Amino acid sequence: MPVTSREWHLAARPAGEPKPADFALTTTTVPDPGPNQILVRNNWLSVDPYMRSRMNDGESYLPPFELGQAMTGSAVGTVISTGADRVPVGSIVSHFLGWREYALLPAASVQVLDPELAPVQAHLGVLGTTGLTAYAGLKVIAPVKAGDVVYVSGAAGAVGSVAGQIAKRLGASRVIGSAGGPDKARRLVEDFGFDVGLDYREGDLSGRLAKAAPDGIDVYFDNVGGDHLQAALGVMNLHGRIALCGAISVYNSTELPPGPSNLPLAIGKRISLRGMNVIDHFDLAADHLQQTTEWLQDGSLRTAETVVDGIDDAVDAFLAMMRGANTGKMLVRLAPADL
Ligand SMILES: NC(=O)c1ccc[n+]([C@@H]2O[C@H](COP(=O)([O-])OP(=O)(O)OC[C@H]3O[C@@H](n4cnc5c(N)ncnc54)[C@H](OP(=O)(O)O)[C@@H]3O)[C@@H](O)[C@H]2O)c1
C-alpha cells in the first residue's frame, strides 16, 4: 500500500542564518517498493552542520539541495515493505534519505544494522561518519603521538566529544576542549574526560588557552575555525599538526572573514594544517566500527545525545544545533515504537 509521508523541502536559499520560512513541510505519497527496492519508515534523522553548506547554491562537500525538493541526510529506519530478499521486513537500516517520514530506496544503497550491537541511532553519531571523522582526524590527518598535548574546539558536540576521548586513547598526556557556556565546559571534564574545559564565550580564548597549555599544543582538532584557529596557532608547538575538520563559526557568514592574521606563525613553527573530508576515510570504517563498538560496550567511551521529537520540529532541531543547543549528537526521533 502506498503511504502518505511528510518531508522537509528547501523553500529558499538562506542568507546568513537560516530562518523557518526557508523550509517547507510537504506531504507526498510514497509508492510500494518495486523489485530490489525497500520502503523504510524512518525512526531517527540526523541534522548536521554540513547541511548548512548544502543550502547555498554552490559546491560544498556534496551538491547543493535543490529548491522545492526534499532535503537528504543520514537516517535510520525500519523496513516495512520489501522487494529485496536480502533486506526483509523488520530490518533496521541506515541510509541517506533523511528529512522525511518514509523513504523508498534501492536495497543496495542501505546498510543493515545489528540492533544488538548498540542503540541503533548510534550509527548516526559515534558509530557512523560522525565518529569516523574524529577517528580519522586523529589517526591520519593530525596523528596523535604518546605524550602529545591536544586541543579540540567544538568539544561538546558530536565529533568533538568523541575526538577528545580518542586523543586520550592514542596517548595524549593532556586534552583541552572548548565549548560554549559554563555547563558545557564543565561537562567536557566531568562527562567526556577532558583535562580542561574552556568556555569560549568568556572571551580571551587565546590567553586562556595559553594558560591551559603551558607546554604548548602538539595537535589541534579544529571544528570551529575563525578565532579558535587563531588562538590555537598562537600556542602550537614546533612541528604541530592541525586537522581542519570544520569551521562552523563561518558557516552562516555572508562574506568570508579574513583568515587568521597570525598564519605566518605556521612557517616558523613548521606546522602542518591539513583539511579533511570523512568520505576519504571509509577504508577505516570497519576498524572504527569494531573499535568504537568495543569501547561503547565496555562503557569506556561516553557519548551524549540531544533528542528532538517529531518531523514537525526537524528544522528547529537543525537551527538549534547550529546555535549550540546540543550536547553530543543532535537527533530527531520520529517513531521510537518500532525499536
Ligand atoms: N570534515 C569532515 O569530514 C567533517 C565531518 C563531520 C563534521 N565536520 C565538522 O565538524 C564540526 C562539528 O560537527 P558536529 O556534527 O559534531 O556538530 P556539533 O559539534 O554536534 O554541533 C555544532 C556545534 O557547533 C558549535 N558552534 C556553533 N556556532 C559556533 C561558533 N560561532 N563558534 C564556536 N562554536 C560554534 C555549537 O556548540 P557550542 O555551544 O560549543 O558553541 C554547536 O553545538 C562542524 O564544523 C562540522 O562541519 C566535518
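Residues numbered from 1 in each chain as written. Predicted model: local features only at pLDDT ≥ 70, side-chain atom pairs only at ≥ 80, totals over all residues. Heavy atoms only, no water.

A. View of the environment of leucine 45. Secondary-structure assignment places leucine 45 in strand β3 (residues 37-46). Put simply, leucine 45 and methionine 71 are 26 residues apart on the chain and 12 Å apart in space, counted from C-alpha to C-alpha. Sequence-distant contacts of leucine 45, defined by excluding residues within four places in its chain, comprise Ser74, Ala75, Gly98, Trp99, Arg100, Leu124, Ile311, Leu331, Val332 and Leu334. (Helix = DSSP H or I, 4+ residues; strand = E, 2+ residues; numbered from the N terminus. Contact = heavy atoms within 4.5 Å.)

B. Empty space enclosed by the protein, seen in detail. For the structure on display, the rule yields one cavity of 30 Å³ or more. Its boundaries defined by the atoms lining it, the largest cavity holds a volume of some 30 Å³. Grouping the constituent residues of the lining of the largest cavity by class yields five nonpolar, three polar and no charged. (1 Å grid on protein atoms, 1.4 Å probe; cavity = no way out; pocket = protein on both sides within 12 Å on 5 of 7 lines; lining within 4 Å. Points joined across faces, edges and corners; volume = space filled by probe spheres on them. Nonpolar A, V, L, I, M, F, W, Y, C, P; charged D, E, K, R; others polar.)

C. Seen up close, the site of the ligand. Within the structure, the ligand sits among 28 residues, and Lys184, Tyr200, Tyr251, Val278 and Asn326 are positioned closest to it. The contact in question runs from an oxygen atom of the ligand to an N or O atom on the backbone of alanine 158, over 2.8 Å. One of the side-chain N or O atoms of asparagine 326 is found 2.6 Å from an oxygen atom in the ligand. Here the ligand has 910 Å² of accessible area as a free molecule, and 90% of this is covered by the chains. Elements that contribute at least two residues to the shell around the ligand include exactly α3 (158-169) and α9 (314-323). Looking at the shell around the ligand residue by residue, the class counts come to 15 nonpolar, eleven polar and two charged. (Near = heavy atom within 4 Å. Polar contact = N/O pair within 3.5 Å; in protein donor to acceptor, adjacent residues only side chain to side chain. Areas by Shrake-Rupley, 256 points an atom, 1.4 Å probe, with all protein chains shown as cover.)

D. Focus on the side chain of aspartate 218. Mapped onto the fold, aspartate 218 is located in strand β11 (residues 217-222). In this structure, aspartate 218 is buried with no salt-bridge partner, the nearest side chain bearing the opposite charge being arginine 241 at 5.0 Å. Engagement of the side chain of aspartate 218 in a polar contact is seen with the backbone nitrogen of valine 149, the distance being 2.8 Å. Looking at aspartate 218, its side chain comes within polar contact range of the side chain of asparagine 237, at 3.1 Å. If near-sequence neighbours (up to four positions away) are discounted, aspartate 218 is found in contact with Gly147, Asp148, Val149, Met236, Asn237, Gly240 and Arg241. (Buried < 20%, exposed > 50% of the residue type's maximum accessible area, 1.4 Å probe, protein only. Lys, Arg positive; Asp, Glu negative; His and termini not counted. Salt bridge = Lys/Arg side-chain N within 4 Å of Asp/Glu carboxyl O.)

E. Structural context of the environment of arginine 174. Residue position: arginine 174 is located in strand β9 (residues 174-179). Judged by relative accessible area, which is 29%, arginine 174 ranks as partly exposed. Note: C-alpha distance between arginine 174 and leucine 229 (55 residues apart in sequence) is 19 Å. Arginine 174 has contacts with Asp148, Val149, Val150, Asp195, Val196 and Ala212, leaving out every residue within four places of it along the chain. A polar contact of 2.9 Å, which involves the side chain of arginine 174, links it to the backbone oxygen of alanine 212.

F. Region of interest: the packing of aromatic side chains. Summed over all chains, the structure comprises two aromatic pairs. Between tryptophan 99 and phenylalanine 318, the ring centres sit 6.3 Å apart and the planes meet at 65°, which makes this aromatic pair edge-to-face. Of this pair, tryptophan 99 sits in the loop between β5 (92-95) and β6 (102-106) while phenylalanine 318 sits in helix α9; the two residues are 219 residues apart in sequence, bridging distant segments of the chain. On the accessibility criterion, tryptophan 99 (2% relative accessible area) is buried. Between tyrosine 151 and tyrosine 220 the ring centres are 4.7 Å apart and the planes differ by 10°, which places this aromatic pair in the stacked class. Linking tyrosine 151 in strand β8 (residues 149-152) with tyrosine 220 in strand β11, this pair joins segments that are 69 residues apart in sequence. Its relative accessible area of 0% is what places tyrosine 220 among the buried residues. The ring of tryptophan 295 is capped by arginine 169, whose NZ or CZ atom sits 4.1 Å from the centre of that ring. (Phe/Tyr/Trp six-rings, centres within 6.5 Å; stacked < 30°, edge-to-face > 60°. Lys NZ or Arg CZ within 6 Å of the ring centre and 35° of its normal.)

G. Focus on the confidence of the model for the protein chain. On average, the protein chain scores 96 in pLDDT, and the residues at 70 or more come to 99%. Mean pLDDT across the secondary structure elements of the protein chain bottoms out at helix α8 (residues 285-297), with 95, and peaks at β8, with 99. (pLDDT = per-residue confidence, 0-100.)

H. Spatial organisation of the sheet that holds β9. With parallel pairing, the six strands of this open sheet are ordered in space as β10-β9-β8-β11-β12-β13. Here the strands that pair on one side only, and so sit at the sheet edges, are β10 (196-199) and β13 (272-275). Across the sheet, the mean angle from the axis of one strand to that of its neighbour is 15°, orientation sign disregarded. Against the sheet, α3 makes contact with β8, β9 and β11, and its axis sits at roughly 175° relative to β8, the strand it touches most. (Pairing = 2+ DSSP bridges. Axes fitted to C-alpha atoms, helices over the stretch in contact; angles between N-to-C directions.)

I. Highlighting the environment of alanine 70. With respect to the helices and strands, alanine 70 occurs in the loop between α1 (50-54) and β4 (75-82). A relative accessible area of 22% places alanine 70 in the partly exposed class. Counting along the chain gives 31 residues from alanine 70 to leucine 39, while the straight-line C-alpha distance between them is 16 Å. Discounting chain neighbours no more than four positions away, the residues touching alanine 70 are Glu7, Trp8, His9 and Arg100.

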